[in-house]
Amino acid sequence: MEDKKSCAFRTSIGGQALIEGILMRGVDKQSIVIRSEDGLVTKVEPLSLYKDRHPWAGWPFVRGVINFVDSMARGMKALTYSAQFLPEEEQEEPSKLDLWIEEKVGSEKAEKVIIGIAMVMGFALAIGLFVFLPTLLVGLIPGLRTGHDGLRTLLEGVVKIAILLGYMYGVSQMKDIKRLFSYHGAEHKTIFCYEHRKPLTVENVREESRFHPRCGTSFILVVAIISIFVFILVNAFLGVDNVFLRMLLKIALLPVVVAVTYELNRWLGRHDDLPFARVLSWPGKQLQHITTKEPDDGMIEVAITALKLVIPDQAGADAL
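Everything quoted here is computed from the prediction, not taken from an experiment.

J.: Provide a residue-level description of the sheet that holds strand 3 (residues 29-36), including the pertinent values.
T.: What the four strands build is an open sheet, ordered 1-2-3-4; its pairing is antiparallel. At either end of the open sheet lies a strand with only one pairing partner, and these are strand 1 (14-18) and strand 4 (39-46). On average, adjacent strands in this sheet sit at an angle of 15° to one another, irrespective of strand direction. Both strand 1 and strand 2 (residues 21-25) contribute to a ladder of five bridges, which runs antiparallel. The partner of Gly14 across the bridge, within strand 2, is Arg25. Where helix 11 (residues 297-308) meets the sheet, it contacts strand 2, strand 3 and strand 4, and its direction lies at approximately 25° from that of strand 2.

Written out as structure tokens, the structure is:
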């Protein structure tokens with residue numbers, strides 16, 4: 001059931017589910033907690049943010065793109081780290097590409113290179129599935145090439161969202177992903193418990209909702225929705241009909257869409273008690289029925305440990 005209680009405050013702390021663990025990102029540090037065969041493994045790292053060196057990177061509508069890329073990189077690194085604690089028989093052997101990269105650049109730099117390649121490949125897959133494919137499919141419909149730009153863009157958006165939902169549902173049926181999504185649910189419940197200013201116990205966390213307005217997977221859905229309106233607005237002036245030019249324009253507009261969505265996501269996180277905000281956050285929370293699952297007590301313990309490690313010493317310093 002969706003949480004209806006008003007939060008005592010709203011934290012900027014956010015997290016990510018890992019393989020048998022959770023990453024929590026605070027104001028000035030992040031924690032990784034993994035449940036291994038030998039018990040809980042904890043790792044705390046200081047956060048060196050780009051905006052600390054370049055203040056302009058923290059400006060509204062600029063910070064969204066930078067934080068998105070930074071979160072992806074840190075998330076991929078944390079996932080790679082968590083995979084090291086799988087039982088030996090479940091760990092995958094390094095691929096020939098991994099071994100070749102390690103040989104060429106050394107073991108210290110290899111991880112960064114591999115993560116960079118994984119990010120590029122992931123981004124290329126996302127572009128292919130959610131930009132190229134919808135645009136190409138709708139472009140094949142007779143009579144929509146010219147004079148129906150609004151309808152054409154709307155149909156492209158509908159196909160994009162359908163592909164996204166289908167993809168999410170498909171991966172959610174995999175055994176390992178179900179456990180990942182349960183850790184995702186534990187992360188949300190624990191943050192809600194903290195925002196309600198209740199003691200961080202398994203019993204208190206278990207009672208909380210797993211549907212949080214600042215969810216990363218909700219962010220992806222909102223990006224898809226916002227992109228429809230941004231492209232309709234921009235293309236009303238440009239009038240691009242060619243399928244491949246439309247694809248290129250959508251890629252060029254992605255930073256704008258991410259920036260707008262990031263600011264909207266922050267606003268929803270601060271004002272989820274307002275009726276209008278609840279309406280805007282509703283689609284993302286519905287997606288969380290797929291991307292979060294109810295956690296067991298062990299997963300909740302991991303989330304509690306991870307969150308406690310990044311709570312700032314000064315109360316309220318992490319307010320959103």
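J.: Could you give me a rundown of the nonpolar core, with the residues and numbers involved?
T.: Grouped together as the largest cluster of nonpolar side chains are 22 residues, with contacts concentrated most on Ile22, Met24 and Leu307. Sorting the residues of this core by element identifies strand 2, helix 6 (175-195), helix 7 (202-206) and helix 11 as the ones contributing at least two each. Counting residues per element, this core draws most heavily on helix 11, at seven residues. Not counting residues up to four positions away in its chain, the partners in contact with Ile22 are Gln16, Ser31, Ile32, Val33, Tyr183, Ala186, Glu187, Met299, Val302, Ala303 and Ala306. Within the second largest apolar cluster, twelve residues are counted, among which are Ile226, Val240, Leu249 and Leu253.

J.: Could you give an account of a nonpolar patch on the surface, naming the residues involved and the relevant values?
T.: Taken together, the side chains of Ile141, Leu151, Leu154, Leu155 and Val158 define a hydrophobic patch exposed on the protein surface, amounting to about 390 Å² of accessible area. Following the sequence through the fold, Ile141 ends up in the loop between helix 4 (107-139) and helix 5 (149-172).

Thresholds applied
Residues numbered from 1 in each chain as written. Predicted model: local features only at pLDDT ≥ 70, side-chain atom pairs only at ≥ 80, totals over all residues. Heavy atoms only, no water. Pairing = 2+ DSSP bridges. Helix = DSSP H or I, 4+ residues; strand = E, 2+ residues; numbered from the N terminus. Axes fitted to C-alpha atoms, helices over the stretch in contact; angles between N-to-C directions. Contact = heavy atoms within 4.5 Å. Core = buried A, V, L, I, M, F, W, Y, C linked by side-chain atoms within 4.5 Å. Buried < 20%, exposed > 50% of the residue type's maximum accessible area, 1.4 Å probe, protein only. Patch = residues over 30% accessible without salt bridge, like charges linked within 9 Å, V, L, I, M, F, W, Y side chains within 5 Å. Areas by Shrake-Rupley, 256 points an atom, 1.4 Å probe, with all protein chains shown as cover. Salt bridge = Lys/Arg side-chain N within 4 Å of Asp/Glu carboxyl O.

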